[in-house]
Amino acid sequence: MSTTLTAPAVVPAAGTTARRTGPSLATLTGLEIRKSLSTRSGKAVAAAAVLLAPLGILVVSLSATGVAPAALILGITGMLTALVLLALGILSTAGEWSNGSVQNTFLLVPQRGRVLAAKGTAMAGLGLVFATVSVGLSFLALSAMTDQVAWDYAGRAVVTVIGSGAAFAVIGAGIGSAVGNAPAALTGTYLTMLGVLPVLDSVKPEIAEKLDPAAAIV
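One numbering rule holds for all chains: residues counted from 1, following each sequence as written. Side-chain atom pairs in this predicted model are given and counted only at pLDDT of 80 or more, local residue features only at pLDDT of at least 70, and totals for whole chains, interfaces and linings cover all residues. Side-chain numbers come from the whole structure's heavy atoms, not from hydrogens or water.

**As for the packing of helix H2 (residues 40–61) against helix H5 (residues 112–143)**
Applicable threshold: Helix axes are fitted to C-alpha atoms over the stretch in contact, other axes to C-alpha atoms as well, and angles between N-to-C directions run from 0 to 180 degrees. By the criteria applied, helices consist of DSSP H or I runs no shorter than four residues and strands consist of E runs no shorter than two, each listed in order from the N terminus. If an angle is under 35 degrees, it is roughly parallel; if it is over 145, roughly antiparallel; if it lies from 65 to 115, roughly perpendicular; otherwise it is oblique. By the definition used in this description, the sense in which the near helix is turned from the far one sets the handedness, with an anticlockwise turn below a right angle giving left-handed and a clockwise turn giving right-handed. In this analysis, two residues are considered to be in contact whenever any of their non-hydrogen atoms come within 4.5 Å of each other. Charged means Asp, Glu, Lys or Arg here, nonpolar means Ala, Val, Leu, Ile, Met, Phe, Trp, Tyr, Cys or Pro, and polar covers whatever is left, Gly included.
Where H2 meets H5, the axes come as close as 8 Å, and the angle between the chain directions of the two elements is 15°. What the angle tells us is that H2 and H5 run roughly parallel. As for the relative orientation of H2 and H5, their crossing is right-handed in sense. Contacts from Ala-46, Ala-49, Val-50, Leu-51, Ala-53, Pro-54, Ile-57 and Leu-58 of H2 reach H5 at Phe-130, Val-133, Ser-134, Leu-137, Ser-138, Ala-141 and Leu-142. Its residues placed into classes, the contact of H2 with H5 shows 13 nonpolar, two polar and no charged.

Put into structure tokens, the structure is as follows:
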């Protein structure tokens, strides 16, 4: 004769709800931001995204003549910022596959949709912040040429640059998650953006105009 023991069922009290045991989206987003800025490559890309545009304006202004159109200058330099933020997004997703840390990420949160949502939110926030700082410094660099700058539509350019910074960082995260290999994703993305699309523009400009996101910023 044998006896089987069973654990008593735990019934939640009336009016109570079970508490989620996994990390919240806000927690995951903060974690993704820290991960993106904890590596040397992430820090280098972030610094380039912030400083490339204002430094370019200062260098060009040393030999510039005539009246400089602020909106066009901010648009072109903002395009450079957005292209750099593409790399930040790619590294946030494809970089984890390349260095193997993606296993720890999905062990912590098995729901891949939540992880990708957190990465996308983190990249949108970082892109927004870095683009804002970059365009602010660019504005200061242009202000050093106060008597040589036409400020028409500069406000519209600032809004465009900030929005494109957030968008391109998220696009990069999407490319990285689709490819799953950081070198391949970076090479393919920049080859397409800086090689294929300019060639297409010289052959079929009406098609390239609809496909080139960098030209859309300008």
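**Concerning a nonpolar patch on the surface**
How we decide: Exposure above 30% relative accessible area and the lack of any salt bridge qualify a residue for a patch; like charges then connect within 9 Å, and the nonpolar side chains Val, Leu, Ile, Met, Phe, Trp and Tyr within 5 Å. The Shrake-Rupley method, run with a 1.4 Å probe sphere, supplies the accessible areas, and residue values consider only the shown protein chains as cover. We count a salt bridge whenever a side-chain nitrogen from Lys or Arg sits within 4 Å of a carboxyl oxygen from Asp or Glu. Throughout this description, buried means an accessible area under 20% of the type-specific maximum (1.4 Å probe, protein chains only), exposed means over 50%, and partly exposed covers the range between.
A contiguous nonpolar patch, built from Leu-51, Leu-55, Leu-58, Val-129, Val-133, Leu-137 and Leu-140 and spanning about 590 Å² of accessible area, is present on the exposed surface. Of all the secondary-structure elements, those providing two or more residues to the nonpolar patch are H2 and H5. Per-element tally for the nonpolar patch: the top contributor is H5, with four residues. By secondary structure assignment, the location of Leu-137 is in helix H5. In this structure Leu-137 comes out as partly exposed when scored by relative accessible area, which is 33%.

**Some words on the nonpolar core**
What counts, and what does not: Note on terminology: a nonpolar core comprises buried Ala, Val, Leu, Ile, Met, Phe, Trp, Tyr and Cys residues joined through side-chain atoms within 4.5 Å.
Counting residues in each nonpolar core, the largest one holds 15 residues, and the members touching the most others are Val-45, Leu-85, Leu-88, Met-123, Leu-126 and Phe-130. Listing elements by their share of this core, those giving two or more residues are H2, helix H3 (70–99), H5 and helix H6 (154–179). The greatest single-element share of this core, amounting to five residues, is contributed by H5. Other than its neighbours up to four places away in sequence, Leu-126 contacts Ile-33, Ser-36, Leu-37 and Leu-88. Counting 14 residues, the second-largest nonpolar core is a separate cluster that includes Ile-57, Val-135, Leu-142 and Ala-157.

**Considering the side chain of Lys-119**
Operational definition: Residues adjacent in sequence count toward polar contacts only when both atoms are side-chain atoms; beyond that, a polar contact is any pair of N or O atoms within 3.5 Å, and within protein one must be able to donate a hydrogen and the other to accept it.
Along the chain, the position of Lys-119 falls in helix H5. For Lys-119, the side chain forms a polar contact with the side chain of Glu-32, separated by 2.8 Å. Those residues within four positions of Lys-119 in sequence are excluded, and the remaining contacts are Glu-32, Lys-35, Ser-92, Thr-93 and Glu-96.

**Brief notes about the environment of Glu-96**
The residue Glu-96 is located in helix H3 in this model. Separated by 80 residues in sequence, Glu-96 and Gly-176 place their C-alpha atoms 9.4 Å apart. Reaching out from Glu-96, the side chain makes a polar contact with the side chain of Lys-35 at a distance of 3.0 Å.

**What about the environment of Ser-41?**
Assignment of secondary structure puts Ser-41 in helix H2. In sequence terms Ser-41 and Leu-91 are 50 residues apart; their C-alpha atoms lie 8.3 Å from each other.

**Some remarks on the packing of helix H1 (residues 25–36) against H5**
For the pair H1 and H5, interaxial distance at closest approach is 8 Å and the crossing angle is 60°. One finds that H1 runs oblique with respect to H5. H5 is crossed by H1, and the crossing has right-handed handedness. In contact with Leu-25, Leu-28, Thr-29, Glu-32, Ile-33, Lys-35 and Ser-36 of H1, H5 contributes Arg-114, Val-115, Ala-117, Ala-118, Lys-119, Thr-121, Ala-122, Met-123 and Leu-126. Among the residues making up the contact of H1 with H5, the classes are represented as nine nonpolar, three polar and four charged.

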